[in-house]
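Structural description and commentary
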Amino acid sequence: MRLSAVDAKAAKLGLAPGRALADARAMIPELAVIGADEKADLRLLEAVADWCERYTPLCALDSPHGLFLDVTGASHLFGGESAMLTEIHRAIAGQGFAVRLALAGTPAAARALAHYAPGTIVAPGGEADAVAKLPVEALQADHAIVHALRRAGLKTIGQVAQRQRGELAARFGAAFVALLDCALGNAQTPISPRTPLPDCMAERRFAEPVVTEAVIAETILALAASLASVLEKRGQGARRIEACFFRADGATRRIAIETGAAVRDPKIVERLFREKLDALADPLDPGFGFDLIRLSASHTQASQAPATGFDTNACDKDIAFLIDRLAARFGRHRVSRFLYQDTHIPEAEAVTIPAQEAAKREWNPRAKGEPPRRPLRLFAKPEPIDVLSEVPDGPPLRFRWRRASHIVSRAEGPERIAMEWWRKQEQQPTRDYFRVEDEQGRRFWLYRDGIAREIAHPRWYVHGVFA
């Protein structure tokens, strides 16, 4: 067992990560040890990364204890690079963390400087000079590579950089050469942000943290108006909008809404967020207050105002808004609609999809005055019945279903439906469907599973009931 982390007091006594626990106890008999939990450490690092998105949306993990922030074009919002580093250090250290920062043009150079020259701000193109005096450990390469470099007398990054690249690649591999070039600023390796960059976003910072619901709702409305202005210039609307609330104590909370059609009306966006916030099982807790609220459109698409006429059905827009509100309150997959499928099998003729998804096929309209060909209620699983019929392929005269007898007074059919034999290897019996009405006026949809030339004794089932 080895030490994975030490506190400040243990470090002053000579302990360091990687040392064997037995050696550490020999040095300090009263050493207090807590079992390492790498998953909990990762969750904590991810929480810090979420909070750091207040400075830039391009934030990536540098496990096990580091973060990469791409602040290109964002430093001026905080008074410059030096002021930004000071602000980040103050904010994270205020949450109880020991933090070291550096700013450079490449991730490898910034990581090396943060560990061995914290607080360094490298001018553009100055990475090679900045890291030249750092020890080779700053590259954070494999321990065997570092040991081999030191045995060869190469103790600093500058000394390693003076060697031929072919020589280094032959001895330590191409990956080490790429890492060295990135640290020197000769190559650029982009980071992989934890969250995709939104299409557009708007945010508001507060001098004093806000806690009241009225201010939060007003802020969301104002940010939605800012997004609407940008989207309108692009001729777009948003299908998914996410609100991120940054608490002053370091916690973050993300809440997203989705719409069936592209929208950019600020009042609609604010109303949907209000529905979402009211329906949260875990209510939004402002704690000591939110000092930043961000609204981002993560999914946009082209949107143009539809042409309307005097005979346009104006309720379609209201129905779409109602569906969005219900989806925001109860969940997207709890509000469904039926989608027509191009098949003649009754139980496969329709599938349920989220109501916010646009239907691809329209239902076949029924002719005026034509009775319904399908029952209002179709059973998920047909229920077996006992039938007495006059002829083998004829309609039933009476049947028994759920321990109740029904005498058929009217019958229509059969409607013969063959199964989709090309989908299954085993043969499926043909169905003969009948619309029947009993003496009490109740209407049923029955079918015989198999015809006389296929099965000697076919079974009967009730598949649905009419209104």
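For the structure given in this document, a descriptive report is provided here. (Residues numbered from 1 in each chain as written. Predicted model: local features only at pLDDT ≥ 70, side-chain atom pairs only at ≥ 80, totals over all residues. Heavy atoms only, no water.)

Of regular secondary structure, the protein chain possesses 13 helices and 14 strands. Radius of gyration (C-alpha) of the protein chain: 34 Å, far over the 23 Å computed for a compact globule of 467 residues. The principal-axis extents of the C-alpha atoms in the protein chain amount to approximately 100 × 55 × 50 Å. The buried share of the protein chain, taken over its 467 residues, is 36%. A sequence separation of at least 24 residues applies to 53% of the contacts in the protein chain between residues at least 6 apart. Measuring between centres, the 63 positive side-chain charges of the protein chain sit 2 Å from its 59 negative side-chain charges. (Helix = DSSP H or I, 4+ residues; strand = E, 2+ residues; numbered from the N terminus. Rg over C-alpha atoms; globule rule 2.2 N^0.38 Å. Buried < 20%, exposed > 50% of the residue type's maximum accessible area, 1.4 Å probe, protein only. Contact = heavy atoms within 4.5 Å. Lys, Arg positive; Asp, Glu negative; His and termini not counted. Charge placed at Lys NZ, Arg CZ, Asp CG, Glu CD.)

Moving on, we get to the sheet that holds strand β6 (residues 290–302). Across the sheet, which stays open at both edges, the four strands sit in the order β3-β6-β4-β5 with antiparallel pairing between neighbours. Sheet topology places β3 (200–210) and β5 (252–263) at the edges, where each strand pairs with a single neighbour. Across this sheet, the average inter-strand angle for adjacent strands is 15 degrees, counted without regard to direction. In the sheet, β3 pairs with β6 via seven bridges, with the strands oriented antiparallel. Counted as the bridge partner of Arg205 is Leu292 from β6. Here helix α11 (residues 213–234) sits on the sheet and contacts β3, β4 (236–247), β5 and β6; the angle it forms with β3, its principal contact strand, is near 155 degrees. Lying on the sheet, helix α12 (residues 266–278) is in contact with β4, β5 and β6; it crosses β5 at an angle near 130 degrees. (Pairing = 2+ DSSP bridges. Axes fitted to C-alpha atoms, helices over the stretch in contact; angles between N-to-C directions.)

Buried residues dominate β4, accounting for 10 of its 12 residues. Here 11 bridges tie β4 to β6, and the two strands are oriented antiparallel to one another. Across the sheet, the residue bridging to Gln236 is Ala302, located in β6. Linkage of β4 to β5, two consecutive antiparallel strands, is achieved through a turn of four residues, within which Gly250 is found at a positive phi near 105 degrees.

A word on the packing of α12 against helix α13 (residues 315–330). Two elements in contact, α12 and α13, have axes separated by 7 Å at closest approach and are oriented at 30 degrees. Comparing their axes, α13 and α12 come out roughly parallel. Considering only the axes of α12 and α13, their crossing is right-handed. Residues Ile268, Arg271, Leu272, Glu275, Lys276 and Asp278 of α12 touch α13, and the partners they reach there are Phe321, Asp324, Arg325, Ala328 and Arg329. For the contact of α12 with α13, the residue count by class is four nonpolar, no polar and seven charged. (Parallel < 35°, antiparallel > 145°, perpendicular 65-115°, else oblique. Left-handed = near helix turned anticlockwise from the far one by under 90°. Nonpolar A, V, L, I, M, F, W, Y, C, P; charged D, E, K, R; others polar.)

Take the environment of Ala350 next. Residue placement: Ala350 occurs in strand β8 (residues 350–354). Residues Ala350 and Tyr340 lie 10 residues apart in sequence; the distance between their C-alpha atoms is 4.7 Å.

With that settled, the discussion passes to empty space enclosed by the protein. Evaluated as defined, the whole model comprises one cavity of 30 Å³ or more. Ala224, Leu227, Ala228, Leu231, Ala238, Ile241, Val263, Arg264, Val269 and Ala297 are the residues that line the largest cavity. Those elements that provide at least two residues to the lining of the largest cavity are α11 and β4. Ranked by residues supplied to the lining of the largest cavity, first place goes to α11 with four residues. Across the lining of the largest cavity, the residue classes break down as nine nonpolar, no polar and one charged. (1 Å grid on protein atoms, 1.4 Å probe; cavity = no way out; pocket = protein on both sides within 12 Å on 5 of 7 lines; lining within 4 Å. Points joined across faces, edges and corners; volume = space filled by probe spheres on them.)

A few words on the nonpolar core. Counting 27 residues, the largest nonpolar core has Leu149, Ile157 and Val160 as its most contacted members. Taken together, the elements giving at least two residues each to this core come down to α5 (107–116), α7 (143–151), α8 (157–161), α9 (165–172) and α10 (174–184). Here this core gets six residues from one element, more than from any other, and that element is α10. Non-local contacts of Val160, meaning those with residues more than four positions away in its chain, are made with Val136, Leu149, Leu154, Leu168, Phe176 and Leu180. (Core = buried A, V, L, I, M, F, W, Y, C linked by side-chain atoms within 4.5 Å.)

This paragraph deals with the pattern of salt bridges. Going through the model one piece at a time under the given rule, you end up with 33 salt bridges. A salt bridge links Arg163 to Glu167, with the shortest nitrogen-to-oxygen separation between them at 2.9 Å. Arg163 gets classed as partly exposed once you look at its relative accessible area, which sits at 37%. Since its relative accessible area comes to 41%, Glu167 is described here as partly exposed. Note that Asp282 and Arg253 form a salt bridge whose closest N and O atoms lie 4.0 Å from each other. On the criterion of sequence distance, the pair formed by Asp282 in the loop between α12 and β6 and Arg253 in strand β5 is long-range, its members being 29 residues apart. When salt bridges that share partners are traced, they join Asp50, Glu53, Arg194, Glu242 and Arg254 into one network. (Salt bridge = Lys/Arg side-chain N within 4 Å of Asp/Glu carboxyl O.)

Our focus in this paragraph is the pairing of strand β12 (residues 431–438). Among the eight residues in β12, seven count as buried, and that is most of the element. Sheet topology places strand β11 (residues 404–417) next to β12; seven bridges connect them, and they run antiparallel. Considered in β12, the bridge of Glu412 is made with Arg435. As paired strands, β12 and strand β13 (residues 443–449) are joined by seven bridges and run antiparallel to one another. Note that in β13 the partner of Arg435 across the bridge is Trp445. Counted between consecutive antiparallel strands, the loop separating β12 from β13 contains four residues, among which Gly441 sits at a positive phi close to 90 degrees.

Let's shift gears to the packing of α11 against α12. How two helices pack is summed up by the angle between their axes together with the distance between the axes. Packing of α11 against α12 brings their axes to within 8 Å, and their N-to-C directions diverge by 140 degrees. With respect to α12, the element α11 is oriented oblique. Of the two possible hands of crossing, α11 and α12 adopt the one that is right-handed. On α12, the residues touching Ala217, Ile220, Leu221, Ala224, Ala225 and Ala228 of α11 are Pro266, Lys267, Val269, Glu270, Phe273 and Leu277.

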